[in-house]
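A closer look at the structure
These are the residues of each chain, in order.
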Amino acid sequence: HDFIDTMSTPIVVKADGLCGGKGVIIATSHEQAKTTVNDMLSGSSFGDAGKKVIVEEYLDGFELSVFAICDGKNFITLPAAQDHKRLLDNDEGPNTGGMGAYVPTPLVDDTLMKKIENDLIAPTMEAMISEGHPFEGVLFAGVMVVNGTPKLLEYNVRFGDPECEEIMPLIESSVFDLFHLAATNQLGSLNVTMQTNKVAIGVVAASKDYPYKSSVPAKITVTQEESENAHISYAGVTQKEDGLYATGGRVLVCVGIGNTIHEAREHAYGLMDNVHFEGKHFRKDIAYQALAQ
Ligand code: GLY
């Protein structure tokens, strides 16, 4: 509590046993930060995952998800995605694992991407080599850009959900080659190509009580054919005899692809309007920062 009192608000409190935005509370007052820490440490908010906490400075900027495919020595970054971690429009409500994402984002230019590669990813790769643990796989940098400077929030060693659902359809060159060459230390000068001038947007449909508690399974019906420009990636679902049921928190992602952000959004949200299950909720403002550009 004394440490919290030395910090300026807002203050970020994280349950250390959770990752990817889960178990993260942004406290707007010292009192809220202390109550949050108490609830986590007592196990009442996140069980064992909250018994160790991290309290840190709040960084005011915009968030990016950057994926580097690494072969132990070399790496290739894919176009940066922007996730939307808060449950509600205008980045309000509790943090979630991600309610929607889009790629590429106009918030990133070549200069910023080079900074991310040179200041964050490359030193991490080098440090892992020097520690005797060269990294092969997907390095997912959660980045906050504060006044043009990328700050690393966290690394995950996996793709992001829902970022992966938008990045994959845009990769034009062979994904197999990308992963195979990474896994066999031969990434070298592989040229990964993306579909030219295409944008993909994914909007997550969540179940009724997400992220607070699990919801009663709800039958899903879809009243639109999927197409090249609009498809569904299913996640928190169970196949039963009479069809598909929403049984997880983040149930599915409607992915729209288009020549512009507007077009991709129309495709994603058009499909979302034709997805039905009781309690379905989703953010209506995915990619709002790009639209404001
Ligand atoms: N969308 C954030 C994550 O996958 O961790």
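Here, every reference points to the structure presented above.
A word on the site of the ligand. By nearness alone, ten residues border the ligand, and D83, G97, R158, D161 and E163 come closest of all. Separating a nitrogen atom of the ligand from a side-chain N or O atom of D83 is a distance of 2.7 Å. In this structure, G97 approaches the ligand through a main-chain N or O atom, which is 2.8 Å from a nitrogen atom. Taken by itself the ligand offers 200 Å² of open surface, and the protein chains cover 98% of this. Residue classes in the shell around the ligand are distributed as two nonpolar, three polar and five charged.

Before going further, it helps to examine the pattern of salt bridges. Two side chains of opposite charge can pair, provided their charged atoms sit close to one another. Tallying each qualifying case throughout the model produces twelve salt bridges. D16 serves as the salt-bridge partner of K52, at 3.7 Å between the closest nitrogen and oxygen. Pair noted here: K52 is in the loop between α2 (30-41) and β3 (53-57) and D16 is in the loop between β1 (11-15) and β2 (24-27), with a separation of 36 residues, a long-range link. A salt bridge links K85 to E63; the shortest N-O distance between them is 2.8 Å. In this pair, K85 is assigned in the loop between β6 (82-83) and β7 (86-88) and E63 in strand β4 (residues 62-71), connecting sequence segments 22 residues apart. Since its relative accessible area comes to 12%, K85 is described here as buried. Salt bridges linked by common partners bring D5, E31 and K34 together as one network.

Per the stated rule, a full pass over the model turns up four aromatic pairs. A ring pair is formed by F67 and F140, whose centres lie 4.5 Å apart and whose planes are at 40°; its orientation type is tilted. One end of the pair, F67, is in strand β4; the other, F140, is in strand β10 (residues 136-146), with 73 residues separating them in the sequence. For F67, a relative accessible area of 0% translates into the label buried. One aromatic cluster is present, formed by F67, F140, F159 and F179 through successive ring pairs. Looking at K240, its charged tip hangs above the ring of Y245, at a distance of 4.7 Å from the centre. Across the ring face of F282, the terminal group of K284 is positioned such that the distance to the ring centre comes to 4.4 Å.

Calculation notes
Residues numbered from 1 in each chain as written. Predicted model: local features only at pLDDT ≥ 70, side-chain atom pairs only at ≥ 80, totals over all residues. Heavy atoms only, no water. Near = heavy atom within 4 Å. Polar contact = N/O pair within 3.5 Å; in protein donor to acceptor, adjacent residues only side chain to side chain. Areas by Shrake-Rupley, 256 points an atom, 1.4 Å probe, with all protein chains shown as cover. Nonpolar A, V, L, I, M, F, W, Y, C, P; charged D, E, K, R; others polar. Salt bridge = Lys/Arg side-chain N within 4 Å of Asp/Glu carboxyl O. Helix = DSSP H or I, 4+ residues; strand = E, 2+ residues; numbered from the N terminus. Buried < 20%, exposed > 50% of the residue type's maximum accessible area, 1.4 Å probe, protein only. Phe/Tyr/Trp six-rings, centres within 6.5 Å; stacked < 30°, edge-to-face > 60°. Lys NZ or Arg CZ within 6 Å of the ring centre and 35° of its normal.

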